[in-house]
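Okay, here's what each chain looks like letter by letter:
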Amino acid sequence: MEMRLPAWLPLLIAAPFVGSFLGVLIQRLPAGRPVALSRSACDACATRLAARDLVPVLSWIVLRGRCRSCGAAIGLFPPAVELAAMAVVGVAALLDDDPSRLWLDCALGWALLTLAWIDARHMRLPDILTLPLIPAGLIVALVRDPDELLDRTSATIVGYLAFRAIALGYRAWRGRDGLGQGDAKLLAGAGAWVGLALLADVVLGGAVITLGAALLRPGGKLTAASAVPFGPGLCLALWLVWLRLF
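Model, not experiment: these values are computed from the prediction.

This part is about the side chain of Arg28. Position of Arg28 among the secondary structure elements: in helix H1 (residues 8-28). Within the structure, Arg28 has its side chain in polar contact with the backbone oxygen of Val35 (distance 3.4 Å).

Across its 14 residues, helix H8 (residues 181-194) extends 20 Å between first and last C-alpha, which sits within 8% of the 20 Å expected from 1.5 Å per residue. In terms of residue burial, H8 counts as a mostly covered element, since 13 of its 14 residues are buried. One or two residues past the end of H8 sits Gly195, with phi positive at roughly 85°.

Evaluated as defined, the whole model comprises 5 salt bridges. One salt bridge connects Lys185 with Asp127, and the closest N-O pair in it is separated by 2.9 Å. With a gap of 58 residues between them, Lys185 in helix H8 and Asp127 in helix H5 (residues 127-130) connect regions that are remote in the sequence. Judged by its relative accessible area of 16%, Lys185 is buried. Taken together, the shared-partner salt bridges connect Asp96, Arg101 and Asp105 into one network.

Our next topic: a nonpolar patch on the surface. Nonpolar side chains collect at one region of the surface, where Val55, Leu58 and Val62 lie side by side and expose about 260 Å² of accessible area between them. Looking at the secondary structure, you find Leu58 in helix H2 (residues 58-62).

Our focus in this paragraph is unusual backbone geometry. Despite not being glycine, Arg64 has its phi angle at roughly 55°, a positive value. When you line up the elements, Arg64 lands in the loop between H2 and helix H3 (77-95). Judged by its relative accessible area of 73%, Arg64 falls in the exposed class. You will see that Met123, though not glycine, has its phi angle at about 55°, which is positive. Secondary-structure assignment places Met123 in the loop between helix H4 (102-122) and H5.

Reading the values: the criteria
- Residues numbered from 1 in each chain as written.
- Predicted model: local features only at pLDDT ≥ 70, side-chain atom pairs only at ≥ 80, totals over all residues.
- Heavy atoms only, no water.
- Helix = DSSP H or I, 4+ residues; strand = E, 2+ residues; numbered from the N terminus.
- Polar contact = N/O pair within 3.5 Å; in protein donor to acceptor, adjacent residues only side chain to side chain.
- Expected span 1.5 Å × (residues − 1).
- Buried < 20%, exposed > 50% of the residue type's maximum accessible area, 1.4 Å probe, protein only.
- Salt bridge = Lys/Arg side-chain N within 4 Å of Asp/Glu carboxyl O.
- Patch = residues over 30% accessible without salt bridge, like charges linked within 9 Å, V, L, I, M, F, W, Y side chains within 5 Å.
- Areas by Shrake-Rupley, 256 points an atom, 1.4 Å probe, with all protein chains shown as cover.

Here it is as structure tokens:
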């Protein structure tokens, strides 16, 4: 009798290594540092890390969260993003009953995890990560259901123009930016993935998640001048809508 591995198992095995790469993106892209052409090194002593120091999660545990060379604290970020990448697989496997779509769920989840983390840290959504969501979503629609392509294309345009109109209106009214261009591009990407009918769910879900997170943060007092990143809420809402939760 032939035994089949669960569809999620290869993804779960790959997830911590994917998470390690996502950590590199999160740290280097906002700083304008090269991603592919430079080796990992300790931030404190600049010693290049050996392969044994780069095993996801395990190396951090063995080294007790410290650099092998100088003993400086590495911090919780590396294992946190690696475990988060694994959590993406776990949630997708739990909530999506279509094994053939699982790799797509994870790819989108990992991309959105990276964007959310960068925006939470730096209040920006890099074009190099947001813009590819648009052609990727449209290609997925073309391959899986060509009849949806026109709707997804329309949702892309509507999503971008709606947020840009809100941003320009807010700036004209208050004299300062209230919604970044990155958010508009992210919503355009959302339209490419979920279509017009579900685009409002992404916006509503993102707003609820963002407001809830802002109120729960330490000293969560909000004022008219409070700067709150919208990207993490939008990213989570988009992924949940894709998984058909909202």
